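Given next are the chains, with one letter for each unit.
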Amino acid sequence: MKLVVQVMGARDLPAMDLNGLSDPYVKVKLGKHKFKTKVVKKTLNPYWGEEFAFRVDDLNDELLISVLDEDKYFNDDFVGCVKFPVSKVFDSHNKCLDTAWHPLQPKSKKPKHRDCGEILLNISFTPNNAFSDSASESRDVDIGSESPSRSFVSDTASPQRGKLDEVTFHKDDKEKSLAQKSLAGRLVQMFNKNPDAAPPASISSAHSSKADLTELVDMSEAPSEDPSSSVSFEELIKTMQSRDQAAETPDNLPGGVLLDQMYVTEPKHLNTLLFSPDSTFPKALADVHGTTELEQGPWKFENDCLKRVVTYIKAASKLVKACKGTEDQQYLRADGKVFAVLASVNTPDVPYGKTFRTELLYCITPGPELPSGEQSTRLVISWRMNFLQSTMMKGMIENGARQGLKDSYEQYATLLSQNVKPADSKDLGSNKDQVLASLQAEPQSDWKLAVQYFANFTVVSTFFIGFYMLVHIWLATPSTIQGLEFVGLDLPDSLGEFIVCGVLVLQGERVLGLISRFMQARVQKGSDHGVKARGDGWLLTVALIEGSNIAAVDSSGFSDPYVVFTCNGKTRTSSIKFQKCNPMWNEIFEFDAMDEPPSVLDVEIYDFDGPFDEATSLGHAEINFVKTNISDLADLWIPLRGKLAQACQSKLHLRIFLNNTRGGNVVNHFLNKMEKEVGKKITVRSPQTNSAFQKLFGLPPEEFLINDFTCHLKRKMPLQGRLFLSARIIGFHANLFGRKTKFFLLWEDIEDIHIVPPTLSSMGSPTIVMTLRQGRGVDARHGAKTQDEEGRLKFHFQSFVSFNVANRTIMALWKARSLSPEQKVQIIEEESEVKSLQTDETFLGLDDVSLSEIYSSTYSVPTNFFVELFGGGDLDRRVMEKAGCLNYSHTPWESENGDVYVRQIYYRYDKRVSQYKGEVTSTQQKSCLSDRNGWLFQEVMTLHAIPLGDYFNVHIRYQIEDSSSTPPGCQVKVSFGIEWLKSTKHQKRITKNVLKNLQDRLKVSFAVVEKEFRTR
C-alpha cells in the first residue's frame, strides 16, 4: 500500500531574504524515506505541483512536511512544518485527506515569524497493485480542483503550474509488507466492498483489487476526443494568445545559455519554424544529429496550457549507446510577440537516466528594428538538470550533459542560420543613435507642480483655520489688557488659546516649507546631461530613462532623487527631480573614451539636501560588464539594493551602450602602453587563444588575453595552475586529478598588492599577496588563503617560472585601473598650464568675485609659525587630516612673478564632512603684504563628484599679519565668495551649506595650529 502526497503550493510565506522574498522548497519525510521538491526562486506564494509516493509498512509512522528557504552560502532557513499521523489518513473518509490549506507551524515556541503561511496538500492511500507499480506516479494537479485527478498521464517535468516531477519507486516484497497482522486486517477492510459479509480475507481482497483494476484500465483505455487535435497550429497559437494573462517572460535557466542570437525575422515566424508540426526544421535537425524515428505528437490544450510530446531515438555517442528520448514541450507564454517554450527531456535508458531530466527553455523575444526597416528577433536557449532523486554521480552527469548540449546546439545554430538570416552586429549597434534620439526630457509645468504641492490636507486646513481666525477677529470685540499684556501685545488668556496658537504656528511653518519647495521645483538641467564624450577608444553611453518606487524620505511622502554614475573613477550626475517617487529623466550621459573596456558601472541614487548636508542614499546597484552580455544592457530594469530600496522594491530603467571607436587597433594600442610599463615585448594572442580564454571564464567577446603564467595558488596546500591576465581581470585555473579550481578577480576589486620575501614554506620563491576590498570577491572565496579582521580576502600566488616578468605585468595592469592622487595633481598641473596660456586675466578671476569677511580673530601665535599652515610640512598635513581631508597631496610652491608663489593641492572629503566623499582640486597663491608684516593667501577651490559641483567655484582669502598685542601674536582675517559658472535656483541654499562647512573647518584648523604651538 502506498501513501501519495501531492505538494501543490503555498501562500503568505514569511520573507527570509533581504530582498523581501524567499526561495522556498519542500521536504517530505516518512520513516527513513525523504524527498524534496524543486526550489522556486524569489516568491512568497510558490507553486510546486509535485507528487511523491511512499511505501507504508507501519501505520504508527508520522508524515513530516517541512518548508525551507534555500540559502546559497549558508544553511537553509526553516520556514514552517506540518505533521500528519499515517493512521489519521487511513481512518479518514475514502482513505484520503482532500485538497486543503494547512497552516505551517514554527519550529520553536518563540518564533521569529508568528505567521508561517499555509501549504496546499492532498494526501491519500492507493492500492499497491501491478497497474500502479508499472504506471507513472506523476499526475497533473490543479490548485483550483478540490480533489486530485485519478487519470494517469505521461510523465513530464516542468516548473510551471500543473506539471509534476516523476518519482519512481521499486516494488518491495509483498510477503514482507503483509507481515504485520494489524496492517493486514485493515487491508481487508479497504478492499472489501461489503463489510457485512464475512468471506475469507484473501478472496475478498483479491476480488476487490481486481474490480478496481478493471475499472482503472477501462478508464485509461477509453478514447478521449480532443477538439484541439484537428485545429491548425496557427489557430492554437491565437487561442493561446487570447488566454495569455500577460505573464512575465521566464528567466534563463540556471544551467547556462546554449544559444543567444539575433535573427532578421519576426518572432511569430521564428516560432512557427521551430515548433510547427508542418515545419521541416526539426526533421533536418534530426538528420544532422543522426536522430531516427522522430515522431511529433499534436499540440493539445491540457490545463489551459498548450503541450505536445516528441519521441525519437538518439544516436549513439562515444560513452552512451543509442537510446530512446521523450521530450515534453509546453508553451509558458505566447502573446504574439514573446514566445516561451519549456522542453523536458527524459532518457530513462541511459545510465542513471531515471534520476534526472534535462530541461530546455526557448525564449523568442522581439529585438530592435534594423536600419533597413526589418524586424529582428532574439532567440535565447538555456538549460538545467532537474534531479528527481539524489545520486552521487550528479557532478559527472551535469558535466557530461553540458558538453553534449554544447556540441548539439552548435550544430543547431549552424542549421538555423541556414534557414534564417542572423542579424549583423553592426546593424544592431547603429540602433543606438535611433534609441537615444527618441529620448526627450519630461517637461514640468508650474501649474502641475502647484497642484501637486498645494492640493493636500495641510494647505487646505491651514487656509481654513486662517480664514476662520480672520472672521473671528472681525466679529469679536477687543479684550481688556490684563496680566503681562500691553498695548500691541495680546497674549493667550487660557491653555486652549495657547494650544491653538501653537497649532497655527506649526501649520504656517509647514506651508512656508511647501512654498519653498515649490519655488525650487523647477526645470533643472542635469550637470552632465548631453555632454559629449571626447577621444577615441571605448565609449560608454548611459541613458537614464525613469525610476520606479523610489523610497520616500521627506515628510511630504516624496523625495528629491538624483542619480550618480561612476565608472573608472569618473562620475556623471543626473538632474534633480523634486517631489517624485516615480521620476522620469530621459537623460543621456557619456563617459570619455577609455583605452580598455570598463569593468564595473556603479549606480547610486540620492536624495538632494545640499552639497554638505547629510545625504540619504535611496539605493545602489552595480553593473558588471565582465559578467554581463552587452546586448542585455540595451534595455533593462535594474533593481536597487539597500535597506530603503529593497523595502520599496525600487528599480531604475537604463539603456547602456558600449562601443569601440578604434576598431581592431584598440588591443595593439593597449599592449603598446603596457610594454612601456613592463619593459618587455607583449605579443598579441591568436583569435583561437582568446576565444578559449573567454570560454574558460565565461567572459564577453571584447575581453582579450595579455599574458599567462604557471604558478602555485597557496591555500592549505599549494595548488599548481595557470594565472591569466587581461585588461580587466586576473583569473586562476587548475585541473588536478580531474578536480577543477577556477575563479577570477577584477583589478578594481584589489586594494593592495605586496611581495612577501622567499621562505621555506614558499619553496624559496617570493609570494605575491593580493588583498581585496571589503565585500569584494565573494564568488572567488574558495581561492583565498586568509581573511583579515575587516573581512578582506587575501590571495597568495607563488612559484612563478619568471617572477620578475609576472610581477611587473601584474603591477602594471593593476596600476592602470586606478589613478593615484599624485597622478591627479599632475593632470591638474598640466590642465592649469594650458589654461594659463589661453588667458591673460588676473589670478583666476579673483577681482571679479565679491568677497565678504566671515572670520576675524587674534591668536597668540607668531605669524611665521601660523603661515606654516600653508607650508606643505607636517603641520599642514596634520591640519588637513584633522579637518577631514583624505589623500591630501600638494605641489611645491613655485615662483610665478617675483614675490608671488603658486601651488596646486588635492584631497578628498571624509564621509563625516560630506556624504558624497567629493574631491577638491585647489589652486593657492601667496604674496607678502605691502608693509612686509604679514602674508596674503588666496585660494580657488573646485568641487568634484557632488551635486551641482560644476556650477560654482569657491574663492577664499586669508590675511595673516602681526598684531600689536602683548605677548606678540598674529591677526587672521578670512574672506569668502562664490563664483557662479552656471545659473541655478539653489544659489542661496548652496552658499549657506558651503559657508557653514568652511566656518567649521576654519575653527578646527586654527585650533590645531594654536595647540601645536603651545606643545612646542
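Since the model is a prediction, treat every value here as computed from it, not as a measurement. The residue numbering used here restarts from 1 in each chain and proceeds along that chain's sequence as written. With pLDDT at 70 or above as the cut-off, local features in this predicted model cover only qualifying residues; side-chain atom pairs require 80 or more to be listed or tallied, and sums for whole chains, interfaces and linings still use all residues. Working from all heavy atoms in the structure, the side-chain values ignore hydrogens and water.

1. Thoughts on the overall build of the protein chain
In plain terms, the rule: Each helix is a run of H or I in the DSSP string that is no shorter than four residues. Each strand is a run of E no shorter than two, and both are numbered from the N terminus. Residue exposure (1.4 Å probe, protein chains only): buried if accessible area is under 20% of the type maximum, exposed if over 50%, otherwise partly exposed. Residues count as neighbours in contact if any of their non-hydrogen atoms are within 4.5 Å of one another. Only the protein chains shown count as cover for residues, and all accessible areas are computed by the Shrake-Rupley method using a 1.4 Å probe.
Along the protein chain, the regular secondary structure elements total 22 helices and 40 strands. Out of the 1016 residues belonging to the protein chain, those deemed buried represent 46%. Long-range pairs, those at least 24 residues apart, make up 61% of the contacts in the protein chain between residues at least 6 apart in sequence. With an accessible surface of roughly 53,500 Å², the protein chain has 52% of that area assigned to carbon and sulfur atoms.

2. A word on the pairing of strand 14 (residues 339-346)
Each regular strand shows side chains that alternate between the opposite faces of the sheet. Quick note on the threshold: Here the rule is simple: two strands pair whenever DSSP picks up at least two bridges between them.
With eight of its eight residues buried, strand 14 lies for the most part within the structure. Burial of the side chains of strand 14 extends over both faces: Phe 339, Val 341, Ala 343 and Val 345 are buried on one face and Ala 340, Leu 342, Ser 344 and Asn 346 on the other. The pairing of strand 13 (residues 323-334) with strand 14 spans eight bridges and is antiparallel. For Thr 326, the partnering residue across the bridge sits in strand 14 and is Asn 346. From the end of strand 13 to the start of strand 14, which pair antiparallel, there are four residues, and Gly 336 there has a positive phi angle of about 95 degrees. With seven bridges joining them, strand 14 and strand 15 (residues 356-366) adopt antiparallel strand pairing. If you follow Ser 344 over to strand 15, its bridge partner there is Glu 359.

3. Observations concerning a nonpolar patch on the surface
What counts, and what does not: Nonpolar side chains (Val, Leu, Ile, Met, Phe, Trp, Tyr) are joined into patches within 5 Å and like charges within 9 Å, using only residues with over 30% relative accessible area and no salt bridge. Each salt bridge in this description consists of a side-chain nitrogen of Lys or Arg and a carboxyl oxygen of Asp or Glu lying within 4 Å of one another.
Together, Phe 467, Val 471, Trp 474 and Leu 475 make up an exposed nonpolar region whose accessible area comes to about 520 Å². Residue classification places Leu 475 among the exposed positions, given a relative accessible area of 61%.

4. A short note on the packing of helix 8 (residues 281-289) against helix 9 (residues 394-419)
Rule in force here: Note on definitions: angles span 0 to 180 degrees between N-to-C directions of axes, and those axes are lines fitted to C-alpha atoms, for helices only across the stretch in contact. In this scheme, roughly parallel covers angles under 35 degrees and roughly antiparallel covers those over 145, while 65 to 115 is roughly perpendicular and the rest are oblique. Left-handed describes a crossing whose near helix is turned anticlockwise from the far helix through less than a right angle; right-handed describes the clockwise counterpart. When residue character is reported, Ala, Val, Leu, Ile, Met, Phe, Trp, Tyr, Cys and Pro are called nonpolar, Asp, Glu, Lys and Arg charged, and the others, Gly included, polar.
At a closest axis distance of 10 Å, the pairing of helix 8 and helix 9 adopts a crossing angle of 135 degrees. Viewed along their axes, helix 8 and helix 9 adopt a mutual orientation that is oblique. Relative to helix 9, helix 8 is oriented so that their crossing is right-handed. Two secondary-structure elements touch here, helix 8 through Phe 281, Ala 284, Leu 285, Val 288 and His 289 and helix 9 through Ser 408, Gln 411, Tyr 412, Leu 415, Leu 416 and Asn 419. Its residues assigned to classes, the contact of helix 8 with helix 9 shows seven nonpolar, four polar and no charged.

5. Some details on unusual backbone geometry
The phi dihedral of Asp 12 is positive, around 55 degrees, even though this residue is not glycine. Structurally, Asp 12 is set in the loop between strand 1 (2-11) and strand 2 (24-30). Its identity as a non-glycine residue notwithstanding, Lys 42 has a phi of 50 degrees, on the positive side. Mapped onto the elements, Lys 42 comes out in the loop between strand 3 (33-36) and strand 4 (47-55). Accessibility expressed as a relative area gives 59% for Lys 42, which makes it exposed.

6. Re the pairing of strand 8 (residues 118-126)
Across the nine residues that make up strand 8, a large majority, eight, are buried. With nine bridges connecting them, strand 1 and strand 8 associate as antiparallel partners. For Gly 9, the partnering residue across the bridge sits in strand 8 and is Leu 120. By the bridge criterion, six bridges tie strand 7 (residues 96-103) to strand 8 in an arrangement that is antiparallel.

7. Notes on the packing of aromatic side chains
The line we're drawing: By convention, a stacked pair of Phe, Tyr or Trp rings (six-membered ring in the case of Trp) has centres within 6.5 Å and planes under 30 degrees apart, an edge-to-face pair has planes over 60 apart, and any other such pair is tilted.
Following the criterion strictly, the structure yields 33 aromatic pairs and no others. Note on Phe 281 and Tyr 412: the rings are 5.4 Å apart at their centroids and 85 degrees apart in plane angle, and the pair reads as edge-to-face. Remark: Tyr 412 occurs in helix 9 and Phe 281 occurs in helix 8; sequence separation between them is 131 residues. Judged by its relative accessible area of 4%, Tyr 412 falls in the buried class. Here Phe 732 and Phe 797 contribute two aromatic rings whose centre-to-centre distance is 6.1 Å and whose plane-to-plane angle is 50 degrees, an arrangement assigned as tilted.

8. Focus on the sheet that holds strand 17 (residues 538-548)
With antiparallel pairing, four strands are arranged side by side in an open sheet as 20-17-24-23. The sheet terminates laterally at strand 20 (584-594) and strand 23 (636-639), the two strands that pair on one side only. The mean inter-strand angle of the sheet, taken between neighbouring strand axes irrespective of direction, is 30 degrees. Looking at chain direction, strand 23 and strand 24 (residues 651-660) are connected through four bridges and run antiparallel. Within the sheet, the bridge partner assigned to Pro 639 lies in strand 24 and is Lys 651.

9. Some points on the nonpolar core
How we decide: Residue types Ala, Val, Leu, Ile, Met, Phe, Trp, Tyr and Cys, when buried and joined through side-chain atoms within 4.5 Å, form a set referred to as a nonpolar core.
Counting residues in each nonpolar core, the largest one holds 51 residues, and the members touching the most others are Phe 866, Tyr 907, Val 974 and Phe 1006. Among the elements that line this core, the one with the most residues is helix 22 (residues 987-1015), at seven residues. Sequence-distant contacts of Phe 866, defined by excluding residues within four places in its chain, comprise Tyr 859, Val 861, Ile 960, Cys 970, Val 972, Phe 1006 and Val 1009.

10. Comments concerning the side chain of Gln 507
Mapped onto the elements of the fold, Gln 507 is located in helix 14 (residues 495-520). When neighbours within four sequence positions are excluded, Gln 507 is seen to be in contact with Thr 458, Ser 461 and Thr 462.

11. As for a positive patch on the surface
Condition: Positive charges come from Lys and Arg alone, negative charges from Asp and Glu alone, with His and the N- and C-terminal ends not counted. Note on charges: their place is set at NZ of Lys, CZ of Arg, CG of Asp or CD of Glu.
Among the surface-exposed residues, Lys 27, Lys 29, Lys 34, Lys 36 and Lys 394 lie close enough to one another that they form a single positively charged patch. Elements that contribute at least two residues to the positive patch include exactly strand 2 and strand 3.

12. Describing the sheet that holds strand 6 (residues 77-85)
The four strands are arranged 3-2-5-6 in an open sheet whose pairing can be described as antiparallel. Either end of the sheet is taken by a strand with one partner, and the two such strands are strand 3 and strand 6. Pairs of neighbouring strands in the sheet enclose a mean axial angle of 15 degrees, with direction left out of account. Pairing between strand 2 and strand 3: four bridges, direction antiparallel. Note on strand 3: the bridge partner recorded for Lys 27 is Lys 36.

13. Some remarks on the confidence of the model for the protein chain
If pLDDT is low for a region, its predicted coordinates should not be looked at in detail. Going by this rule: Residue-level confidence of the predictor is summarised by pLDDT, bounded by 0 at the bottom and 100 at the top.
Counting all residues, the mean pLDDT for the protein chain is 77, and 79% of those residues have values of 70 or more. A low-confidence stretch, residues 819-825 stays under pLDDT 50, and its non-local contacts, those more than four residues away or across chains, total twelve contacts. Across residues 830-847, where pLDDT falls below 50, the model places 15 contacts with residues more than four positions away in sequence or in other chains.

14. A look at the pattern of salt bridges
All told, the structure shown has 21 salt bridges when counted by the stated rule. Between Glu 70 and Lys 41 there is a salt bridge; the shortest N-O distance is 2.7 Å. Placement of the pair is Glu 70 in the loop between strand 5 (62-69) and strand 6 and Lys 41 in the loop between strand 3 and strand 4, with a sequence separation of 29 residues. Overall, the relative accessible area of 52% leaves Lys 41 in the exposed class. Across the pair Arg 776 and Glu 622 runs a salt bridge whose closest N-O atoms are separated by 2.4 Å. Residue Arg 776 is found in the loop between strand 30 (767-772) and strand 31 (786-787), and its partner Glu 622 is found in strand 22 (residues 616-624); the two are separated by 154 residues along the sequence. Residue Arg 776 is classed as partly exposed on the basis of its relative accessible area, which comes to 28%. Shared partners join several salt bridges into a network, and the residues in it are Glu 751, Asp 788, Glu 790 and Arg 792.

15. Thoughts on helix 8
Keep this limit in mind: As used here, the arc belongs to the directions running from the helix axis to the C-beta atoms.
Those residues of helix 8 that sit buried are Phe 281, Pro 282, Leu 285 and Ala 286. The buried residues of helix 8 occupy an angular sector of 140 degrees when projected down its axis, which confines them to one face. Gly 290 sits one or two positions beyond helix 8 and adopts a positive phi of about 80 degrees.

16. Let's talk about the packing of helix 21 (residues 874-882) against helix 22
Remark: helix 21 packs on helix 22, axes separated minimally by 9 Å, with the N-to-C direction vectors making an angle of 140 degrees. On the basis of their axis angle, the class for helix 21 and helix 22 is oblique. Here the hand of the crossing between helix 21 and helix 22 comes out right-handed. Only Arg 1001, Val 1004, Ser 1005, Val 1008, Val 1009 and Glu 1012 of helix 22 make contact with helix 21, whose side of the interface consists of Leu 875, Arg 878, Val 879, Met 880 and Lys 882.

17. Looking at helix 6 (residues 233-243)
For helix 6, the set of buried residues is Phe 233, Leu 236, Ile 237 and Met 240. The buried side chains of helix 6 occupy one side of the element, clustering within an arc of 100 degrees when seen end-on. Among the exposed residues of helix 6, those oriented more than 90 degrees off its buried face are Lys 238 and Ser 242. Where helix 6 is buried, its residues contact helix 7 (267-275), strand 11 (300-302), strand 12 (305-314), strand 13 and strand 14.

18. Regarding the environment of Leu 1002
Its location among the elements puts Leu 1002 in helix 22. On the accessibility criterion, Leu 1002 (3% relative accessible area) is buried. Setting aside residues up to four positions removed in sequence, Leu 1002 forms contacts with Ile 854, Tyr 855, Tyr 958 and Val 974.

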